[in-house]
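# Notes for the structure review
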Amino acid sequence: MTTNRTFTMIKPDAVANGHIGAILNDIINGGFKIIAMKYTQLSKEKAGEFYAVHKERGFYGELVDFMSSGPIVAAILEKDNAVEDFRKLIGATNPAEAAEGTIRQKYAKSIDANAVHGSDSDENAKIEGDFFFAADERF
Ligand code: IDP
């Protein structure tokens, strides 16, 4: 199944480094419409739940600590082919390998503090959007 929505977070490093405005600008200029958005901070418990799929990976504890370390911006975005096009806009997980002009190449410092999250499938986009937003918070 394909849908036209994806889910993103501007991660604590990018928020702390003052990149919220520039990243939202890149997202909007990339043709994405904001359907829902909030400025919030994940508790350790909530971050652990969000990333439960990575529980067995060596960096899970580090990831949970990092994602709960400061405020984030969470958003649902709409565009044709949203999941794939957004992954292209943000670039590779490791910013050292991210293509020129991508959000991670421009604003991320390391593989763990990599500025933004983007859903990796339509199924996960729905699960992740539902994790943060109630029906009456989407427009
Ligand atoms: P993705 O965010 O590009 O989909 P995933 O492999 O799903 O990448 O990993 C989820 C998140 O876990 C990454 O965005 C990054 O923040 C973190 N991560 C991935 N690999 C490492 C690692 O080797 N060390 C520390 N953190 C990592």
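Residues numbered from 1 in each chain as written. Predicted model: local features only at pLDDT ≥ 70, side-chain atom pairs only at ≥ 80, totals over all residues.

A word on the overall build of the protein. Each helix and strand counted, the protein has 7 helices and 4 strands in total. Over its C-alpha atoms the protein spans a radius of gyration of 14 Å, differing by no more than 12% from the 14 Å that the globule rule assigns to 139 residues. With respect to the principal axes defined by its C-alpha atoms, the protein has extents near 35 × 35 × 30 Å. In the protein, which comprises 139 residues, the share counted as buried stands at 33%. (Helix = DSSP H or I, 4+ residues; strand = E, 2+ residues; numbered from the N terminus. Rg over C-alpha atoms; globule rule 2.2 N^0.38 Å. Buried ≥ 20, exposed ≤ 12 C-beta atoms within 10 Å, placed from the backbone.)

For the rest of this paragraph, the subject is the UniProt feature "binding site: ATP" (unreviewed entry) in the protein. Within this numbering scheme, the UniProt entry marks Lys-11, Phe-59, Arg-87, Thr-93, Arg-104 and Asn-114 as carrying the feature "binding site: ATP" (unreviewed entry). One can find Lys-11 in the loop between strand S1 (5-10) and helix H1 (12-16). What Lys-11 contacts, discounting residues up to four positions off in sequence, is Met-67, Ile-72, Ala-113, Asn-114, Ala-115, Val-116 and His-117. Among the structural elements, Arg-87 can be located in helix H5 (residues 82-90). Judged by local crowding, Arg-87 falls into the partly exposed class, with 16 C-beta atoms found within 10 Å. (UniProt positions renumbered as here; feature names shortened; annotations may be inferred. Contact = placed C-beta atoms within 7 Å.)

Here Asn-81, not a glycine, exhibits a phi torsion of approximately 60 degrees, which is positive. The topology assignment puts Asn-81 in the loop between strand S3 (72-78) and H5. Of note, the phi angle at Ala-115 is positive, near 70 degrees, even though the residue is not glycine. Its place among the elements puts Ala-115 in the loop between helix H6 (103-107) and strand S4 (116-118).

So, on to the site of the ligand. Within the structure, the ligand sits among Phe-59, Glu-62, Leu-63, Thr-93, Ile-111, Asp-112, Asn-114, His-117 and Asp-120. Of the residues belonging to the shell around the ligand, the class tally is 3 nonpolar, 3 polar and 3 charged. (Near = placed C-beta within 6 Å. Nonpolar A, V, L, I, M, F, W, Y, C, P; charged D, E, K, R; others polar.)

Okay, helix H7 (residues 122-132) next. What sets the pattern is the α-helix's 3.6 residues per turn: residues three or four places apart point alike. Every buried residue belonging to H7 is among Ala-125, Glu-128, Gly-129 and Phe-132, and all of these are buried. End-on, the buried residues of H7 take up no more than an arc of 100 degrees, which puts them together on one face. Turned more than 90 degrees away from the buried face of H7 sit Glu-123 and Asp-130, all of them exposed. At its buried positions, H7 is contacted by S1, strand S2 (33-40), S3 and H5. (Arc of directions from axis to C-beta.)

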